Amino acid sequence: MTATVRTSAKSRTPLRAWTRDLALGARFATSGGSEAWTRTLLTAVGVALGVMLLLVAAAVPTMLTNHSDRQYASEPEYATGGTRPAANTMLVKGANTTFRQDRISGHLLQPEGPNPPTPPGVHRLPGPNEMVVSPALARLLNAPGSELLRQRLPYRIIGTIGQQGLSAPSDLSYYAGTKALSSTQDSFYRINHFGMKRESSPLDPILILLIVMVLVVLLMPVMVFIGTAVRFGGERRDRRLAALRLVGADVPMARRIAAGEALFGSLIGLVVGAGFFLVVRQFIGSFTMMGMGVFASDVTPSAPLVALIALAVPAAAVAVTLFALRGVTIEPLGVVRAATPRPRRLWWRLVLPVVGLALLLPLIGRVGMSGSINEYQVASGVVLLLVGLALLLPWLVEAAVRRLRGGPLPWQLATRRLQLSSGTAARMVSGITVAVAGAIALQTLFAGAEHYFTSPTGQDPDRAQIMARVQVRDGAQAQQVVTAFRATRGVRSALGITEATAAGDSANDRRVPVTVADCTTLREIARIDGCSPNSVFVIKGSADNPSTPYALPGKRLDLNSPEVDAPSGAPRPWTIPADARIVQPREDAAGMTHYGVLAAPGALSVSELTDPVATVAMKLDPNDPDAADRVRNTGTRLDPSDPTMTLTATMQDRTYASIRRGLLVGATATLLVIGASMLVSTLEQLRDRKRLLAVLVAFGTRRGTLALSVLWQAAVPVAIGLGLALVGGLGLGTVLLKMVKAPVRFDWAGVAGMTGAGAAVVLLVTALSLPALWRMMRPEGLRTE
């Protein structure tokens, strides 16, 4: 390559000089034959992987908005004041169910006229015993091992729900037609259109903190690696710049030319990254990770964020290149980099983390479930801390390898290489260091803040694992319900009660709950000492007003008046026995408290109750994984809307759970992209040392020795980087916990998992680079041009 550089440019303006030199750098990036193109393409691929992830992140707001809009549009809008039957009305009843661990959303539809509303994404309403399903549910129904689900949803499939009616490709939902909804049921709704009014409420400050942390932690490693990618081939570039100095270029001009090379590579990386993004976008709807998925059309980044990425990446490439050249003296006869470098300075590397802490410390104890939070202050502080860790890593690696001496030959080759060029090795693992440190801090914050978003339900899964409530016509049917659940395979025991409502003759007992059950079951819902088949008990008050009696011994009730304002036929009087004992309530397995009259079957027959509800609490066989699904199948045979409920001790906020699931998905994607980028970086380093490797093999060095040396060269910076990530992540996590006033405790399993994942990525990258290493050890590597 020949070049003529004229330095008599005193008349040129600085802008014209920059333009000329940047263009010259771009020319050198493409006119140096295969060597130059290989270097440029490696830089472009490294930048492209980061750009692809940044574009996906820029599409997150659109994804969330479209997901929420479709979710609201597919929900029936229930009129608060009631809707009269009309030509455009429909009866709707929720029919959600669960199959194994998958939650399935369902609705039963019964049109009341010729023009009923149609759910979004549905072309034809299903008739009785027909249904339309989401594509994911159709696949699940056809999958092997889904026989129990096919029994539970025995409707004939007449179509699939389109994208307009689904919040995500992984949605499991259906609409089924029915004629079973009647005016005697109070669990259905009458609607005249679909689409709930969207109500937005401000997020809790702690949730905002979590979201800000997730965005920073996922994007910072990408930016760090983009800064690393634009420095590929730094040593060869400096030698070219020395040749330019020999033909007349001054130092500023040489640096501008180097910036032009990096700018050209980053611009190609932008284009290639956009191509990667478009390819990933086409296939992203086919993948579901941890229950999360999106439609390809939703992955559309906003124009302002795209413009920001398009400007920030090239600008960062130029800035990083000029910053990297600050410590390199490029002279016409060589580059001073070949001499023993001056030890790195520590003081300025501590400035950024100190400033970051200074931004975060004033927020300690000021982030709670209410109030506000300065998102920009939090983001700035965390970014400065994580960037500070990336800047500290080269100093730590240099300080550590400087003291390494002796050992086996592979170890000596590795440590000597690190002593000569520790900065390159540190830059390769800086992205992993930042990613792991941020993930550890987030794991710590999630573990500490979990109690804010996890609340006890009052349910006791030790007493019963599943419960069902079935509306029945009479007492005989109530007994059939209990018998059906008891006979279900996998049910060890079932306690059933029958509940109804009676009317008294005073203002305080116009609506009296009446419960009929055997003595064993009555002891589960009241504190009873002695009980016989003819016993009657009274629980006087409710939790809202315990001093107000529902009924007292000797009072007369009307069992045929369940509704105060809507009597249902001739009175059916029944008098509470005068010897009925007053007892205290006890929460049942579902955390519910029963009041009013409790009667054994000998004292009050269930056949005398009007519009009763049968409630059955069941213990399941823990060795039968399908027991719960068999119970749900029994429930849907009694009530197609699935009247069962799984009992859990705690309940977690959905938004919090979604953010945590999004973190795991994002962290996995980020580590994969960083791993791919590290592989490109490793291949670039091996290519840069191709002649040296070939010379060592020619002089008799074993290939296994060189392979082990490459492994040690990766392992030492990784060990130091992960140690720094562990200390930095736990320290940042502690500050975040103090901000939300949570006790400082660490999720050691999560910390170990993230640290191990970072180490595994580096080991995998090293293993994948070995075939290229074997190829570069061939004698052909001795050739030069």
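Residues numbered from 1 in each chain as written. Predicted model: local features only at pLDDT ≥ 70, side-chain atom pairs only at ≥ 80, totals over all residues. Heavy atoms only, no water.

Quick look at the state of the cysteines
Here a disulfide denotes one covalent bond, and it connects the sulfur atoms of two cysteines. Applying the stated rule across the entire model yields 1 disulfide. Disulfide pairing is shown between C519 and C531; the S-S distance is 2.1 Å. Between C519 and C531, the S-S torsion sits near -75°, and that sign places the bridge as left-handed. One end of the pair, C519, is in helix α15 (residues 519-525); the other, C531, is in the loop between β14 (526-527) and β15 (536-539), and 12 residues separate them in sequence. On the basis of relative accessibility, which here comes to 22%, the residue C531 falls in the partly exposed class. (Disulfide = S-S within 2.5 Å. Helix = DSSP H or I, 4+ residues; strand = E, 2+ residues; numbered from the N terminus. Buried < 20%, exposed > 50% of the residue type's maximum accessible area, 1.4 Å probe, protein only.)

Focus on the packing of helix α14 (residues 475-486) against helix α16 (residues 627-638)
Between α14 and α16, whose axes approach to 10 Å, the crossing angle comes to 155°. Taken together, the axes of α14 and α16 are roughly antiparallel relative to one another. Like other packed secondary-structure pairs, α14 and α16 cross with a definite hand, here right-handed. Mapping the contact onto sequence places V481, A484 and F485 in α14 and V631, T634, G635 and L638 in α16. Of the residues belonging to the contact of α14 with α16, the class tally is 5 nonpolar, 2 polar and no charged. (Axes fitted to C-alpha atoms, helices over the stretch in contact; angles between N-to-C directions. Parallel < 35°, antiparallel > 145°, perpendicular 65-115°, else oblique. Left-handed = near helix turned anticlockwise from the far one by under 90°. Contact = heavy atoms within 4.5 Å. Nonpolar A, V, L, I, M, F, W, Y, C, P; charged D, E, K, R; others polar.)

A word on the packing of helix α11 (residues 375-401) against helix α19 (residues 703-739)
Two numbers describe how α11 lies on α19: the axes approach to 9 Å, and their chain directions differ by 150°. One finds that α11 runs roughly antiparallel with respect to α19. In this structure, α11 meets α19 at a crossing whose hand is right-handed. Contacts from V378, V382, L385, L386, L389, L392, L393, L396, V397, A400 and V401 of α11 reach α19 at V716, P717, I720, G721, L724, G728, L732 and M739. Classifying every residue of the contact of α11 with α19 by side-chain character gives 17 nonpolar, 2 polar and no charged.

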